[in-house]
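Fold and geometry: a report
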Amino acid sequence: IHVQLLTNSKAYCSCKSLYAPNEPNSNVCPVCMGEPGALPVPNRKVIELAAKTALALNCKISDSLKWDRKNYFYPDTPKNYQITQYDNPIGSNGTVQLPFGGKVGIQRLHMEEDSAKMNHQNSESSSGSLSGSLYSLIDFNRAGIPLAEIVSEPDITSGLSAAEYGKELQRILRYIGASDGNMAEGSMRLDVNVSIREKGSNELRNKVELKNLNSFRAVQESTDHEIIRQAKLYEEGQRVRQETRLWDDKAKVSKIMRVKEGESDYRYFPEPDIPAMKLPKEVVKKWKSELSELPSEKRSRYKAEFGLSDADIEILTDDKDLSSYFESTVEFGSDPKEVSKWLLGDVSGYINSNRIQVKDLRLTPERLSELIVLIKSKKISGKIAKELLPELLNGSFDGTVAELVREKGMELITDEKVIETFAREVIGKNSNKVSEYRSGKTKLLGFFAGQTLAVSNNRADPE
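Because the structure is a prediction, the values reported are computed rather than measured. Numbering of residues begins from 1 in every chain and follows the order in which that chain's sequence is written. Only residues with pLDDT of 70 or above have their local features reported here, since the model is predicted, and side-chain atom pairs are shown and tallied only from 80 upward, although totals for entire chains, interfaces and linings are computed over all residues. Here the side-chain values reflect all heavy atoms present in the structure, with hydrogen atoms and water set aside.

Notes on the pattern of salt bridges
Here is the rule we go by: Salt bridges are counted wherever a side-chain nitrogen of Lys or Arg sits within 4 Å of a carboxyl oxygen of Asp or Glu. Elements are defined by DSSP. Helices are runs of H or I of four residues or more, strands are runs of E of two residues or more, and each kind is numbered from the N terminus.
Inspection of every chain in the model, using the stated rule, returns 37 salt bridges. The shortest N-O distance in the salt bridge between R69 and D273 comes to 3.3 Å. With R69 in strand β4 (residues 68-71) and D273 in the loop between β15 (269-270) and β16 (277-278), this pair connects stretches of sequence that are 204 residues apart. R367 is the partner of E370 in a salt bridge, and the nearest nitrogen-oxygen pair spans 3.8 Å.

In structure tokens:
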């Protein structure tokens with residue numbers, strides 16, 4: 001998995017790392033374009049974010065940093081080599097805990113730089129893929145943007161597990177602020193290496209790398225497809241080549257891209273323009289202390305502290321902003337389960353229908369908590385709360401929820417004599433229904449209750 005790190009400048013120069021698809025080749029300089037004599041300088045923020053990511057993945061952090069050159073000749077590589085880390089990655093031997101059980105080992109995490117972006121023209125695919133394109137344009141804005149490459153151990157056995165691993169990694173990156181993990185913009189790119197083995201054997205056969213995976217659904221489908229494709233080839237007595245294949249999301253098949261290079265083809269050697277350096281333990285300790293609570297930790301805490309269902313926990317912790325909003329609302333004194341119900345119901349419905357994010361909500365956690373407390377204290381009913389919610393969500397009322405209730409005259413009526421008056425009015429207007437009820441149609445009780453609420457403008461206490 002390749003992840004673009006959230007820095008203001010590129011990995012080895014001062015060019016902006018801004019994603020600017022409408023201004024191609026505007027954020028470039030002699031360093032990231034590989035001009036003769038230009039010298040790279042490591043970005044300190046890149047080292048920090050890479051180390052924090054490795055720490056969040058439970059990796060061992062190397063106490064020394066060393067960079068290497070990886071040589072290959074592609075049109076999108078302006079220097080004809082990539083500055084990366086070969087035999088001494090910044091992080092190694094980590095693990096990721098998946099939400100539904102199981103762990104995936106992390107072999108290594110290393111720093112490197114991104115290549116330029118190829119824009120394939122007149123492609124068969126609406127997404128602009130290489131398949132069927134007539135020519136390509138190159139945008140070098142992306143060249144030199146800092147990356148963390150995360151390599152997992154072969155612990156994944158299905159497309160579903162591969163997709164879940166990718167989702168959890170995306171959550172971790174967003175929680176710690178290392179990357180936005182935006183797959184649509186290419187700041188998180190997943191390549192899947194698939195190899196199979198005979199039943200009862202521990203020896204994995206040749207691996208095939210799958211590229212062009214722009215969604216977690218594509219990761220799942222392509223992985224399952226490749227497992228079946230390789231199994232069929234072996235059953236037919238054929239050989240699986242070590243190669244790179246492109247996933248065609250429309251046709252749901254993989255297509256040969258190139259025969260996979262081996263390590264010797266890259267001719268790794270130490271980067272001569274960047275000296276090795278020490279990474280002090282006290283600096284790593286400080287970075288570790290700055291990490292926020294991780295998704296797996298938050299899921300465990302929500303279960304133990306709030307007693308929420310696994311389904312609610314999964315949704316609440318998927319988005320860090322949503323979980324922060326939830327916790328802030330609970331801190332104002334609301335019942336966690338009620339907060340979860342309102343957030344995942346009406347509030348999420350408003351967010352989705354208006355295509356906004358949690359941080360754009362005009363309903364503050366304090367106001368949502370007040371609404372829930374008013375329901376619990378029988379000042380308003382749940383039905384009244386739903387009527388008030390639109391004004392609170394769109395920010396058209398600036399006062400407290402209690403002030404809004406008073407302004408609209410929507411206080412809950414709990415006086416039994418007043419409610420009895422409403423009930424008698426309903427009975428008087430529905431004599432036929434009364435006769436049917438008395439003859440044994442007891443289900444009509446719900447009808448009378450509903451009509452009584454209607455007469456009271458939903459202000460009568462339904463209990």
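Remarks on the sheet that holds strand β10 (residues 146-152)
What counts, and what does not: Whether two strands pair depends on DSSP finding at least two bridges between them.
As summarised here, the arrangement of the nine strands in space is β2-β6-β7-β10-β1-β11-β12-β13-β14, forming an open sheet in which the pairing is mixed. Looking at the sheet topology across the chains shown, the edges are occupied by β2 (60-61) and β14 (253-259).

Regarding helix α6 (residues 295-306)
Short version of the rule: Helices are assigned an expected span. That span is 1.5 Å times one less than the residue count. Whether a residue is buried, partly exposed or exposed follows from its accessible area with a 1.4 Å probe, protein chains only, as a fraction of its type maximum: under 20%, in between, or over 50%, in that order. Arc, as used here, means the arc of the directions from the helix axis to the C-beta atoms. Throughout, a residue-residue contact means that at least one pair of heavy atoms, one from each residue, lies within 4.5 Å.
Taking 1.5 Å per residue, twelve residues should reach 16 Å; α6 reaches 16 Å between its end C-alpha atoms and fits that length. Here α6 has its buried residues at P295, K298, R299, Y302 and F306. One side of α6 carries all its buried residues, which in axial view fall inside an arc of 105°. For α6, the exposed residues lying more than 90 degrees away from the buried face are A304 and E305. Buried residues in α6 make contact with β6 (91-97), α2 (159-176), α7 (310-318), α8 (320-331) and α9 (336-353). G307 sits one or two positions beyond α6 and adopts a positive phi of about 65°.

Points about the pairing of strand β7 (residues 103-113)
Of all eleven residues making up β7, nine are buried, and the element is well covered by its neighbours. Of the pairings in the sheet, the one linking β6 to β7 comprises six bridges and is antiparallel in character. Paired with G94 across the strands is I106, a residue of β7. Hairpin geometry of β6 and β7 is characterised by an intervening segment of five residues between the two adjacent antiparallel strands and by a positive phi of about 100° at G101. Direction of pairing for β7 relative to β10: antiparallel, over a ladder of seven bridges. Pairing of E113 across the sheet is with P146, part of β10.

With respect to the pairing of β10
For β10, the buried fraction is high: five of the seven residues fall into the buried class. Of the strand pairs in this sheet, strand β1 (residues 2-4) and β10 are connected by three bridges, and their pairing is antiparallel. Residue pairing for β10: V3 is matched across the bridge by A148.

Some points on the environment of Q107
Among the secondary structure elements, Q107 is positioned in strand β7. According to the relative accessible area criterion, Q107 is partly exposed, its value standing at 36%. Counting along the chain gives 106 residues from Q107 to I1, while the straight-line C-alpha distance between them is 12 Å. Excluding anything up to four places from it in sequence, Q107 contacts S92, N93, V151, S152 and E153.

Quick look at a nonpolar patch on the surface
This is how the line gets drawn: For patches, a residue must show more than 30% relative accessible area and have no salt bridge; joins then use 9 Å for like charges and 5 Å for nonpolar side chains, namely Val, Leu, Ile, Met, Phe, Trp and Tyr. Per-residue accessibility takes into account occlusion by the displayed protein chains alone, with areas from the Shrake-Rupley method and a 1.4 Å probe.
Side chains of L134, Y135 and L137 sit close together on the surface and give an oily, nonpolar patch of about 340 Å² of accessible area. Looking at where Y135 falls in the secondary structure, it is placed in strand β9 (residues 135-139).

Considerations on the state of the cysteines
Basically, it comes down to this: Only a pair of cysteine sulfur atoms within 2.5 Å counts as a disulfide in this structure description.
A complete count under the given rule lists zero disulfides for this structure. Just so you know, C15 is unpaired, no disulfide at all, and the nearest cysteine sulfur is the one on C29, 3.4 Å from it.

Some words on the packing of aromatic side chains
Basically, it comes down to this: Here the aromatic set is Phe, Tyr and Trp, taking the six-membered ring for Trp, and pairing holds for ring centres within 6.5 Å; pairs whose planes are under 30 degrees apart are stacked, those over 60 apart are edge-to-face, and all others are tilted. A positively charged side chain is recorded as over a ring if its NZ (Lys) or CZ (Arg) lies within 6 Å of the ring centre. The angle to the ring normal must also be within 35 degrees.
One pass over the structure, following the stated rule, counts seven aromatic pairs. Relative to Y266, the ring of Y72 has its centre 5.9 Å away and its plane inclined at 70°; by these criteria the two rings are edge-to-face. Highlighted residues: Y72 in the loop between β4 and β5 (81-84) and Y266 in helix α4 (residues 263-266), separated in sequence by 194 residues. Residue Y72 shares its accessibility class with Y266, and that shared class is buried. Taken together, a centroid distance of 6.0 Å and an interplanar angle of 70° make the contact between Y266 and Y268 edge-to-face. Among the aromatic residues, those joined into a ring-pair cluster are Y72, Y74, Y86, Y266 and Y268. The side chain of R205 reaches across the aromatic face of Y234, ending 4.2 Å from its centre.

With respect to the nonpolar core
Soluble globular proteins tend to pack their nonpolar side chains together in the buried interior. Spelled out, the test is: Throughout this description, the term nonpolar core refers to a set of buried Ala, Val, Leu, Ile, Met, Phe, Trp, Tyr and Cys residues connected via side-chain atoms within 4.5 Å.
Counting 57 residues, the largest nonpolar core has L57, I90 and Y165 as its most contacted members. Ranked by the residues each element gives to this core, the list is headed by helix α1 (residues 44-56), at eight residues. Every residue in contact with Y165, bar those within four places of it in the chain, is listed here: I1, V96, L98, V104, I106, I150, S152 and I156. In terms of nonpolar packing, the next biggest core, distinct from the first, is built from 34 residues, F306, F326, V358 and F397 among them.

Digging into the sheet that holds β15
The strands making up a sheet associate through hydrogen bonds between their backbones, and the pairing can be parallel or antiparallel. Judged by pairing direction, the sheet is antiparallel, and its three strands sit side by side in the order β5-β4-β15 without closing on themselves. Edge positions in the sheet fall to β5 and β15, since each of these pairs with one other strand and no more. Across two bridges, the pairing between β4 and β15 is antiparallel. Bridging across to β15, R69 finds its partner in F269.

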